[in-house]
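Geometric and topological summary
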Amino acid sequence: MTQQQTAGGDVRLAGISKTYGPFTAVHPLDLTVPQGSFFALLGASGCGKTTTLRMIAGLEEATTGTVHLGGRTSPTCPRTSGRSTPSSRATPSSRTWTSPRTWPSDSAGAASSR
């Protein structure tokens, strides 16, 4: 397997980092989580656990590096209002919420044009 490939449904972080001005929230990180495995990010308060998960989810754009989900590079998420919107099919008794950003968009697993 080459550096650019990742197996099936693995989550692979390749050199991701996140900075806010002079502050480094996540130092460069390389991590592979094999498909079907359970993992946890452990660390002190403020060490970058949530920021890392937000980059994996596409809610934060990494300053450097890439996130690969299931063999595909995760697209960056355009900044939204940060709020979910109610589904048009939602009724007062059963609220369903849809995220303003869902990835991957193709349920069949076909390669996307992104």
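Residues numbered from 1 in each chain as written. Predicted model: local features only at pLDDT ≥ 70, side-chain atom pairs only at ≥ 80, totals over all residues. Heavy atoms only, no water.

1. Digging into the pattern of salt bridges
Pairing between side chains of opposite charge can happen when their charged atoms approach one another. According to the stated counting rule, one finds 2 salt bridges in the structure shown. Of the charged contacts, one joins Lys-18 and Glu-60 as a salt bridge, the two residues approaching to 3.6 Å between their closest N and O atoms. Of this pair, Lys-18 sits in strand S1 (residues 11–20) while Glu-60 sits in the loop between helix H1 (49–57) and strand S3 (64–69); the two residues are 42 residues apart in sequence, bridging distant segments of the chain. Exposure remark for Lys-18: the relative accessible area of 11% places this residue in the buried category. A residue is classified by how much of its surface remains accessible, and Glu-60, at 17% relative accessible area, is buried. Through salt bridges with shared partners, a single network forms among Lys-18, Arg-54 and Glu-60. (Salt bridge = Lys/Arg side-chain N within 4 Å of Asp/Glu carboxyl O. Helix = DSSP H or I, 4+ residues; strand = E, 2+ residues; numbered from the N terminus. Buried < 20%, exposed > 50% of the residue type's maximum accessible area, 1.4 Å probe, protein only.)

2. Notes on the nonpolar core
Generally speaking, a soluble globular protein has its nonpolar side chains buried in company with each other. Leu-13, Ile-16, Ala-25, Val-26, Met-55, Ile-56, Val-67 and Leu-69 together form the largest nonpolar core, which totals 8 residues. Of all the elements in the fold, those that place two or more residues in this core are S1, strand S2 (23–33), H1 and S3. What Val-26 contacts, discounting residues up to four positions off in sequence, is Ile-16, Ser-17, Lys-18, Gly-48, Thr-51, Thr-52 and Met-55. (Core = buried A, V, L, I, M, F, W, Y, C linked by side-chain atoms within 4.5 Å. Contact = heavy atoms within 4.5 Å.)

3. Observations concerning the sheet that holds strand S4 (residues 72–73)
Strand order in the open sheet formed by 4 strands is S2-S1-S3-S4, and the pairing between neighbours is antiparallel. Only two strands of the sheet have a single neighbouring strand rather than two, namely S2 and S4. Across 5 bridges, S1 lies against S3 in antiparallel orientation. When the sheet's bridge partners are listed, Ala-14 is paired in S3 with Thr-66. Docked against the sheet, H1 engages S1, S2 and S3, running at close to 120 degrees with respect to S1. (Pairing = 2+ DSSP bridges. Axes fitted to C-alpha atoms, helices over the stretch in contact; angles between N-to-C directions.)

4. Here we look at the environment of Gly-46
Relative to the helices and strands, Gly-46 resides in the loop between S2 and H1. Expressed as a C-alpha distance, the spacing of Gly-46 and Val-26, which sit 20 residues apart in the sequence, is 9.6 Å.

5. Description of the confidence of the model for the protein chain
Within the protein chain, residue pLDDT values average 74, and 58% of them lie at 70 or more. Here residues 1–6 scores under 50 on pLDDT; set against residues more than four positions off or in separate chains, the count is 8 contacts. Counting contacts from residues 78–85, a segment whose pLDDT is below 50, to residues more than four positions away or on other chains yields 11 contacts. (pLDDT = per-residue confidence, 0-100.)

6. A word on H1
Those residues of H1 that sit buried are Thr-51, Thr-52, Met-55 and Ile-56. Projection of H1 onto a plane perpendicular to its axis shows the buried side chains occupying an angular sector of 140 degrees, all on one side. Tucked inside the fold, the buried residues of H1 contact S1, S2 and S3. One or two positions beyond H1, positive phi appears at Gly-58, with a value near 85 degrees. (Arc of directions from axis to C-beta.)

7. Here we look at the side chain of Glu-60
A polar contact is formed between the side chain of Glu-60 and the side chain of Tyr-20, at a distance of 3.4 Å. If sequence neighbours within four positions are ignored, Glu-60 has contacts with Lys-18, Tyr-20, Arg-54 and Met-55. (Polar contact = N/O pair within 3.5 Å; in protein donor to acceptor, adjacent residues only side chain to side chain.)

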